[in-house]
Amino acid sequence: MAQDRRLPNRWSRYILLGVRGAVGGDRFHSLMSVARLTHFADEMPADDFEEEGLAPQEVGRLFQALEEIYGMRAGWELARLAGRESFQFWHHGFGSMSGLMDSTIPLLPVTFRMRLGLETMAEVFARYLGQSVTLDEDGDRFSIALNGCGFCAGRWTQEPVCWFMVGFLEGLSDWVLGGESSTGRIEEVQCMAQGAPACVFAIEKPARWKRRA
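Because the structure is a prediction, the values reported are computed rather than measured. (Residues numbered from 1 in each chain as written. Predicted model: local features only at pLDDT ≥ 70, side-chain atom pairs only at ≥ 80, totals over all residues. Heavy atoms only, no water.)

Draft legend 1. The arrangement of helix α1 (residues 9–23) in detail. With 15 residues, α1 ought to run about 21 Å at 1.5 Å a step, and its terminal C-alpha atoms sit 21 Å apart, in line with that. Burial in α1 covers these residues: Asn9, Arg10, Trp11, Ser12, Tyr14, Ile15, Leu16, Leu17, Gly18, Val19, Ala22 and Val23. Looking one or two residues beyond α1, the residue adopting positive phi is glycine 24, at roughly 95 degrees. (Helix = DSSP H or I, 4+ residues; strand = E, 2+ residues; numbered from the N terminus. Expected span 1.5 Å × (residues − 1). Buried < 20%, exposed > 50% of the residue type's maximum accessible area, 1.4 Å probe, protein only.)

Draft legend 2. Representation of the pairing of strand β2 (residues 141–147) in the model. Counted residue by residue, β2 has five buried out of seven residues, so it is predominantly covered. The pairing of strand β1 (residues 132–137) with β2 spans six bridges and is classified as antiparallel. Opposite threonine 134, over in β2, you have alanine 145 as the bridge partner. Inspection of the sheet shows β2 paired to strand β4 (residues 199–204) by six bridges, in the antiparallel sense. Bridging across to β4, alanine 145 finds its partner in valine 200. (Pairing = 2+ DSSP bridges.)

Draft legend 3. Expanded view of the pairing of β4. Burial analysis of β4 places five of its six residues in the buried class, which makes it a mostly covered element. Note: strand β3 (residues 186–190) against β4, four bridges, orientation antiparallel. For glutamate 187, the partnering residue across the bridge sits in β4 and is alanine 202.

Draft legend 4. The arrangement of the pattern of salt bridges in detail. The tally for this structure, following the rule as stated, stands at 13 salt bridges. Note that arginine 5 and glutamate 51 form a salt bridge whose closest N and O atoms lie 2.4 Å from each other. Here arginine 5 is found in the segment before α1, whereas its partner glutamate 51 is found in the loop between α3 (38–42) and α4 (56–70), with 46 residues between them in sequence. Here arginine 5 falls in the partly exposed class, since its relative accessible area comes to 28%. A residue is classified by how much of its surface remains accessible, and glutamate 51, at 39% relative accessible area, is partly exposed. A salt bridge links glutamate 170 to arginine 84; its shortest N-O distance comes to 3.1 Å. A residue pair is termed long-range when its members are at least 10 positions apart, and glutamate 170 in helix α7 (residues 163–177) and arginine 84 in helix α5 (residues 72–98) qualify at 86 residues. Under the relative-accessibility criterion, glutamate 170 is labelled buried at 15%. Given the relative accessible area of 28%, arginine 84 is considered partly exposed. One network of salt bridges, in which partners are shared, links Glu77, Arg80, Arg84, Glu170 and Asp174. (Salt bridge = Lys/Arg side-chain N within 4 Å of Asp/Glu carboxyl O.)

Draft legend 5. Examining helix α2 (residues 25–34) more closely. Within the sequence span of α2, burial applies to Phe28, Leu31 and Met32. The buried side chains of α2 occupy one side of the element, clustering within an arc of 95 degrees when seen end-on. Within α2, the exposed residues directed more than 90 degrees away from the buried face are Asp26 and Arg27. Buried positions along α2 lie against α1, α3 and α4. Looking one or two places after α2, you find arginine 36, whose phi comes out positive at around 60 degrees. (Arc of directions from axis to C-beta. Contact = heavy atoms within 4.5 Å.)

Draft legend 6. Representation of the side chain of glutamate 58 within the structure. Relative to the elements of secondary structure, glutamate 58 occurs in helix α4. Of the polar contacts made by the side chain of glutamate 58, one reaches the side chain of arginine 6; its length is 2.9 Å. Those residues in contact with glutamate 58 that lie beyond four places of it in its chain are Arg6, Leu37, His39, Phe40 and Gly53. (Polar contact = N/O pair within 3.5 Å; in protein donor to acceptor, adjacent residues only side chain to side chain.)

Rendered as structure tokens:
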């Protein structure tokens, strides 16, 4: 995400809806109070593309607040669940614009489907978020680098903390692949909060993919 601009309302709305779904409505207001984002708890951003939503620093603060309230490990798990929840909104809100809801996708080879899903995500992130995404692939895994990641903006940590994005990629994988051919492990291997130049996520290819690609 561009660090000097606010996110579009729609993407901000989907992040917040995902977080609310993960923690529950009763606890959402408390979380937003700790994150100093009560104005968004009372009124969600509109479902449009005006850049009036969350600032990257506010996104980082939101996920830091999860860790402060629930503890580091539980906060990470809630962020991961929020990412999965958010993807469900994202694919309905953006998928039809990008071809991700094309009915022919399930007919494609499994590795090609995953690559197409990641390429589509990168295109949407670039178009609507100003987010540069680099996608690489080798025989064993896909690698996705977010250059200027906003999920850890303003944070300095000893471990990777972009668990929201891990969950988002899990949601994308499950949807694109239909569950029965889901990926291997998805993990963040580099994080800007640790001083890395980009946040990098690795998606393992199970052995069965290689037989069916």
